[in-house]
Amino acid sequence: MEYPRAIYLIICTEFCERFSFCGLRTILSLYLRNVLLFPENESTVIYHIFIMFCYLIPVLGAILADSYLGRFRTIFYFSIIYAIGSVLMCFAAIPPVAFWPKGMIFFGLFLIACGTGGIKPCVAAFGGDQFHLPLQEKYLQQFFSIFYFTINFGGLVGMILIPFLRKSVNCFDDDTCYALGFGFPAALMIISLILFLIGKPLYRLKYPKENIILSFLRCIIYSVRKLCQNNNSEIQKHWLDNSQKKFSPKLISDIKIVLAVLYLYIPLPLFWSLFDQQGSRWTFQASRMNGYIWNVQILPDQLQVINPALVLCLIPIFDKGIYPIFNKLCRLNSALNRMIIGGIFAGFAFITSGFLELQLEKSYPILPRNGEATLNFINTLNCDVEIRSTFHSNYILNEADSIELSSGGVYILVIRIHQSQVAFQKLFTMTQPNEIHILWLFPQYILISIAEILFAISGLEFSFTQAPKSMRTITIAAWYLSVAIGNLLVIIIIQSQFFNSQANEFFLFAGLILLNMIIFAIMTRQYKFVLLEADSSNDPLFFKNKKNERDLEPLIKIPNSHTSLIANSN
């Protein structure tokens, strides 16, 4: 069978959407700090609250897609909300139009979070719907790599172009133009909506035949209630089997599979708490470094482009080179095993960023502690003022013929005028300028990019292929929910202010993810992979063993228990 033509429009739509979202997200934290004048910690919290909502809303999108609207209409309606929010962000950055900039920005961010969140669980699943399974299983596997390649390519272009437009164009008497930085993504989102509508005649449209979410919840509630009421003579192999008299074996089997997948999602949020700090903590870290290469400045928000650029380069290397080699040496062909290794690489990335931060802290200003004070005295009088103190200054006032200012430095310039001429000038450096080069961030970006390929792509593939076709959007929504919880963890740790040193915070995240991956590895040992479910088949799902034989195997083996998740046949 030929490759579905509708996939190309879906890919183009996703490219424009990712361009829009990643471009806006790249400049957001600096806009909050530099224009709206939020402190750095508050800017970080606002940024992660926005990202958190972007990954909470997918639950709502999944419910609407699987139970009411179908995936096409869900993507369409939420894309409209998305476009409105993007336009509002542009207007909020235009001083003559923005009557309440902070309020407009927050409302715009909320609409964008709703829009991108609503379509997130649907686009990948909608693309998967275009394939006839199992005949096009090979094409489906290629689609997920192409889909993730498109996500990163769109993000790459957005992360390069949007900061450039923001910095290189002057508007509204400012040396930056955030109105253009937000306006270009708004235009891309409108184009994305148009491209998606053009492909409607080519799509395989599937609409929900029943409220699967309601059936899902009713079956679980009924089974729990029966479990509490059961006597010893009615003990079932699995607690969901208590609902066999009221619900179909197929529904019960599907719920067992979904619960087994969701069980493995429990440790995953911590990975995203590390990954999403590229747009907050790592961006602020880059702003305190020397970004000049051959008199060309690399902007702090532009540096985020390293991640998608590396991912684009590494995806074919992993698919064609690394995976085939390691598949012969170990069980790297398992999506869960790849996710474990990806989490470990994320830990190494934050260890690297922690050591870099230790070097940066040497140049940070030393703030007064208890019992200490800092005094700056500037005399603007036309007479001399004598200051007597118990301390003496080490500064020697010499004339300076020229003044050199470097990025990141804090200076005090003392000028004395005598008879309308400059009689004396002296530049005092209060905070040392950025000396550590921004390229030292490359090692941690390389590590986090490898982590993304191993963890995120494998997780997306796992979420789609292991879920029953009636509940694929729900499963992907749960995957995105783990991202939201990860950003919530960042907010909690920042607000708790466990450490005065940013480096120690990075080391904390590194230690937590390494411990987390050990727990995840223990949990994955109990899981057995399922075969893809055919498009138009009511046959039961069978399970793989090492020889790919279709032997019936439990999804989750629970130690010291007689209960296990077994697929029921119709």
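Position numbers for residues count from 1 along each chain, tracking the sequence in the order it is written. In keeping with the model being predicted, local features are shown solely for residues with a pLDDT of at least 70 and side-chain atom pairs are shown and tallied solely at 80 or more, while totals for entire chains, interfaces and linings include all residues. Values shown for side chains rest on all heavy atoms present in the structure; no hydrogens or waters enter the calculation.

**Here's the deal with the overall build of the protein chain**
Next, step 1: Along the backbone of the protein chain there are 16 helices and six strands.
Next, step 2: Working definition: with a 1.4 Å probe on protein chains only, accessible area under 20% of the residue-type maximum means buried, over 50% means exposed, and in between means partly exposed. Here the protein chain holds 570 residues, and the buried ones make up 51% of them.
Next, step 3: Contacts: residue pairs with any heavy atoms within 4.5 Å of one another. Considering only contacts in the protein chain between residues 6 or more positions apart, those separated by 24 or more positions represent 78%.
Next, step 4: Methods summary: accessible areas were calculated by the Shrake-Rupley approach with a probe of 1.4 Å, and residue burial reflects only the protein chains presented. Carbon and sulfur atoms provide 61% of the accessible area of the protein chain, an area that totals close to 28300 Å². To qualify as a helix, a DSSP run of H or I must reach at least 4 residues; to qualify as a strand, a run of E must reach at least 2; elements of each kind are numbered from the N terminus.

**Describing the state of the cysteines**
Next, step 1: Disulfides are defined as cysteine sulfur pairs within 2.5 Å. Scanning all chains against the criterion turns up one disulfide.
Next, step 2: The side chain of C171 participates in a disulfide bridge whose partner is C177; the two sulfur atoms lie 2.2 Å from each other. Judged by the torsion about the S-S bond (110°), the C171/C177 disulfide is right-handed. Take C171 and C177: they sit in the same class, and that class is buried.
Next, step 3: The thiol sulfur of C54 is not disulfide-bonded, and the nearest other cysteine sulfur, from C114, lies at 8.9 Å.
Next, step 4: For C54, a relative accessible area of 0% corresponds to the buried category.

**Here we look at the packing of helix α3 (residues 58-69) against helix α4 (residues 71-92)**
Next, step 1: Axes, fitted as lines to C-alpha atoms, cover a helix only where it is in contact. Angles between the N-to-C directions of the axes lie from 0 to 180 degrees. Contact geometry of α3 with α4 gives a least axis separation of 8 Å together with a crossing angle of 135°. Judged on the interaxial angle alone, α4 and α3 are oblique. Two packed elements cross with a definite hand, and for α3 against α4 that hand is right-handed. Of the residues in α4, those touching α3 at L60, G61, L64, A65, D66, Y68 and L69 are R71, R73, T74, Y77 and F78.
Next, step 2: Three residue categories are used. Nonpolar comprises Ala, Val, Leu, Ile, Met, Phe, Trp, Tyr, Cys and Pro, charged comprises Asp, Glu, Lys and Arg, and polar comprises the others, including Gly. When the residues that make up the contact of α3 with α4 are grouped by side-chain class, the tally is seven nonpolar, two polar and three charged. Should an angle fall under 35 degrees it is called roughly parallel, over 145 degrees roughly antiparallel, and 65 to 115 degrees roughly perpendicular, with every other angle called oblique. Note: crossing handedness is left-handed where the near helix turns anticlockwise from the far helix by less than a right angle, and right-handed where it turns clockwise.

**Quick look at the confidence of the model for the protein chain**
Next, step 1: For the protein chain, per-residue confidence averages 80 on the pLDDT scale, and residues scoring 70 or more make up 81% of the total.
Next, step 2: A low-confidence stretch, residues 391-402 (pLDDT under 50), is modelled with 14 contacts involving residues beyond four sequence positions or located in other chains.
Next, step 3: A score between 0 and 100, pLDDT records how confident the predictor is in each residue. Segment residues 536-570: pLDDT under 50, and 71 contacts once partners within four positions in sequence are set aside and those in other chains are kept.

**What about the environment of T524?**
Next, step 1: Relative to the assigned elements, T524 resides in helix α16 (residues 502-524).
Next, step 2: Spatially, the C-alpha atoms of T524 and L264 are 7.0 Å apart, while their sequence positions differ by 260 residues.
Next, step 3: Once residues within four sequence positions are removed from consideration, T524 is found in contact with L264, L336 and I340.

**Here's the deal with unusual backbone geometry**
Next, step 1: In the Ramachandran plot, L37 falls in the positive-phi region, its phi being about 65° despite a non-glycine side chain.
Next, step 2: Structurally, L37 is set in the loop between α1 (6-34) and α2 (40-56).
Next, step 3: Of note, the phi angle at D173 is positive, near 60°, even though the residue is not glycine.
Next, step 4: Examined against the element boundaries, D173 turns out to sit in the loop between α6 (137-168) and α7 (178-198).

**Some remarks on the packing of aromatic side chains**
Next, step 1: Put simply, two rings from Phe, Tyr or Trp (the six-membered ring, in Trp's case) pair if the centres are within 6.5 Å, and we call them stacked under 30 degrees between planes, edge-to-face over 60, tilted for the rest. Considering all chains together, one arrives at 36 aromatic pairs under this definition.
Next, step 2: Here the aromatic rings of F318 and Y323 are separated by 5.5 Å at their centres, their planes lie at 70°, and the arrangement is edge-to-face. Y323 shares its class with F318; the two are buried.
Next, step 3: Between the aromatic rings of F355 and F507, the centroid separation amounts to 5.2 Å while the plane-to-plane angle is 70°, which identifies the pairing as edge-to-face. On the criterion of sequence distance, the pair formed by F355 in helix α13 (residues 335-361) and F507 in helix α16 is long-range, its members being 152 residues apart.
Next, step 4: Lysine NZ or arginine CZ positioned within 6 Å of the ring centre and within 35 degrees of the ring normal marks a charge as sitting over the ring. Above the face of the F38 ring, K102 is positioned so that its terminal group lies 4.6 Å from the ring centre.
Next, step 5: Above the face of the Y323 ring, R338 is positioned so that its terminal group lies 5.1 Å from the ring centre.

**Points about the pattern of salt bridges**
Next, step 1: Salt bridges are defined by distance alone: a side-chain nitrogen of Lys or Arg within 4 Å of a carboxyl oxygen of Asp or Glu. Applying the stated rule across the entire model yields seven salt bridges.
Next, step 2: The salt bridge partner of R18 is E14, with a shortest N-O separation of 3.9 Å. Linking R18 with E14, this pair stays in helix α1, spanning four residues, or about one helical turn.
Next, step 3: Linking E40 and R288 is a salt bridge whose minimum nitrogen-to-oxygen distance equals 3.0 Å. Of the two residues, E40 is situated in helix α2 and R288 in the loop between α11 (281-287) and β1 (292-293); the sequence distance between them amounts to 248 residues.
Next, step 4: What you see here is one network of salt bridges that share partners, running through E14, E17 and R18.

**Concerning the side chain of S458**
Next, step 1: Within the fold, S458 resides in helix α14 (residues 442-466).
Next, step 2: A distance of 2.8 Å separates a polar atom in the side chain of S458 from the backbone oxygen of L454.
Next, step 3: Setting aside residues up to four positions removed in sequence, S458 forms contacts with Y323, A335, R338, M339 and I453. Throughout this description, a polar contact denotes any pair of N or O atoms lying within 3.5 Å of each other; where both atoms belong to protein, one of them has to be capable of donating a hydrogen while the other can accept it, and for residues adjacent in sequence the pair is counted only when both atoms sit in side chains.

**Observations regarding a nonpolar patch on the surface**
Next, step 1: Together, I49, F53, L56, F107 and F110 line one region of the surface with nonpolar side chains, adding up to about 420 Å² of accessible area.
Next, step 2: Those elements that place two or more of their residues in the nonpolar patch are α2 and α5 (101-129).
Next, step 3: Among the elements that make up the nonpolar patch, the one with the highest residue count is α2 (three residues).
Next, step 4: Tracing the sequence through the fold places L56 in helix α2.
Next, step 5: The class for L56 is partly exposed, based on a relative accessible area of 33%. Nonpolar side chains (Val, Leu, Ile, Met, Phe, Trp, Tyr) within 5 Å and like charges within 9 Å form the patches, drawn only from residues with over 30% relative accessible area and no salt bridge.

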